[in-house]
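Observations on chain architecture
What follows is the residue order along each chain.
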Amino acid sequence: MSLLKIPLILSSAIAVHVAFTPPQVASKNEVVHDTFNEWVIIQHVKYGLPITKAVYWAVSLAEIAIAASRMAGPNTLPSVIQNTVGPLLSRIQDVPITPSFLLGTAVVAVGGYLRWSCFRTLGRFFTFELTAQKKHQLITTGPYSIVRHPAYSAVVVQYIGIVMLHGSGTSWLRQSGVWGIPGLKAVMLAWLVERTITVTSLVRRINQEEEVVKSMFGDEWQRWAKVVRYRLIPGIY
């Protein structure tokens, strides 16, 4: 396997980590929490995000570790590791860089960068919970001059990239042999279901979020919405 694959694997893991790490901690008295959908999102923030990051890092580091051991040679590993994981390593195949790997990695990285840009643009006003803060300001610059909810656009983009990267027929998970490890399919299926529910919940949150922001900023929000007409995808939605 090419050494180039290792930094690419790390880039997608870092992009996911950044996108899933709250830049600010919301105060309890600022949280708008009056719907079941918002409750689902808050549970995801508390429990789903740490688990998701752990799973993603585990898969990424496992691929890197196995690749590194193959390039270094199994005899370079300590004898204890050779005896415990040696039989497993012999059944796991190297997977070369493929077009779906490159495209998936690029999409995940773009989604992570866009999400980070939203964090930076909103600053202290960006929280994963829906909040109404004191001295709140309506930010209309950066990504928010293109669509009204670019952070959610980033979530959708990154989700698509993750599915492309790890779910394609040529992905490391499906081609290396690790897919046959007992329990792994159940873990990945649970992770996929959790991510699907979360992405759906965030898209559903848009109406509620716009009502909250509209009530806070009134005519200022109306003027911005006339200029930035689309919510997630320019020219489409």
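Residues numbered from 1 in each chain as written. Predicted model: local features only at pLDDT ≥ 70, side-chain atom pairs only at ≥ 80, totals over all residues. Heavy atoms only, no water.

Focus on the overall build of the chain
To be explicit about the condition: For helices the rule is a DSSP run of H or I covering at least 4 residues; for strands it is a run of E covering at least 2, with both sets numbered from the N terminus onward. Exposed residues in this analysis have more than 50% of their type's maximum accessible area, buried residues have under 20%, and partly exposed residues fall in between, with area computed by a 1.4 Å probe over protein chains only. By definition, residues are in contact when any of their heavy atoms lie within 4.5 Å. Every accessible area reported is derived by Shrake-Rupley at a probe size of 1.4 Å, with residue values counting cover from the shown protein chains alone.
Summing up its helical and strand segments, the chain has 8 helices and 0 strands in all. Beginning at the N terminus, the succession of helices and strands in the chain can be written as α-α-α-α-α-α-α-α. The 237 residues of the chain split such that 44% are buried. Looking at the chain alone, contacts between residues at least 24 apart form 80% of all its contacts between residues at least 6 apart. Counting every atom, the chain has about 12700 Å² of accessible surface; 65% of that belongs to carbon and sulfur.

Things to note about the pattern of salt bridges
One side chain can pair with another of opposite charge once the charged atoms of both are near each other. Threshold: A side-chain nitrogen of Lys or Arg and a carboxyl oxygen of Asp or Glu constitute a salt bridge if their distance falls within 4 Å.
Following the criterion strictly, the structure yields 5 salt bridges and no others. Where Glu38 meets Arg205, a salt bridge forms, and the shortest distance between an N and an O atom there is 2.7 Å. One end of the pair, Glu38, is in helix H2 (residues 36-72); the other, Arg205, is in helix H7 (residues 184-217), and 167 residues separate them in sequence. In this pair, the class of Glu38 matches that of Arg205, namely buried. For Arg231, the salt bridge is made with Glu210, and the minimal N-O distance between the two is 3.3 Å. Taken together, the residues Arg231 in the segment after helix H8 (219-227) and Glu210 in helix H7 connect sequence positions 21 residues apart. Under the relative-accessibility criterion, Arg231 is labelled buried at 19%. Within this structure, Arg148, Glu210 and Arg231 form a network of salt bridges that share partners.

Looking at helix H4 (residues 99-122)
Convention followed: A helix is expected to span 1.5 Å for every residue after the first.
End to end, H4 covers 35 Å across 24 residues, agreeing with the expected 34 Å (1.5 Å per residue, within 8%). Positioned one or two residues after H4, Gly123 has a phi angle of 60 degrees, which is positive.

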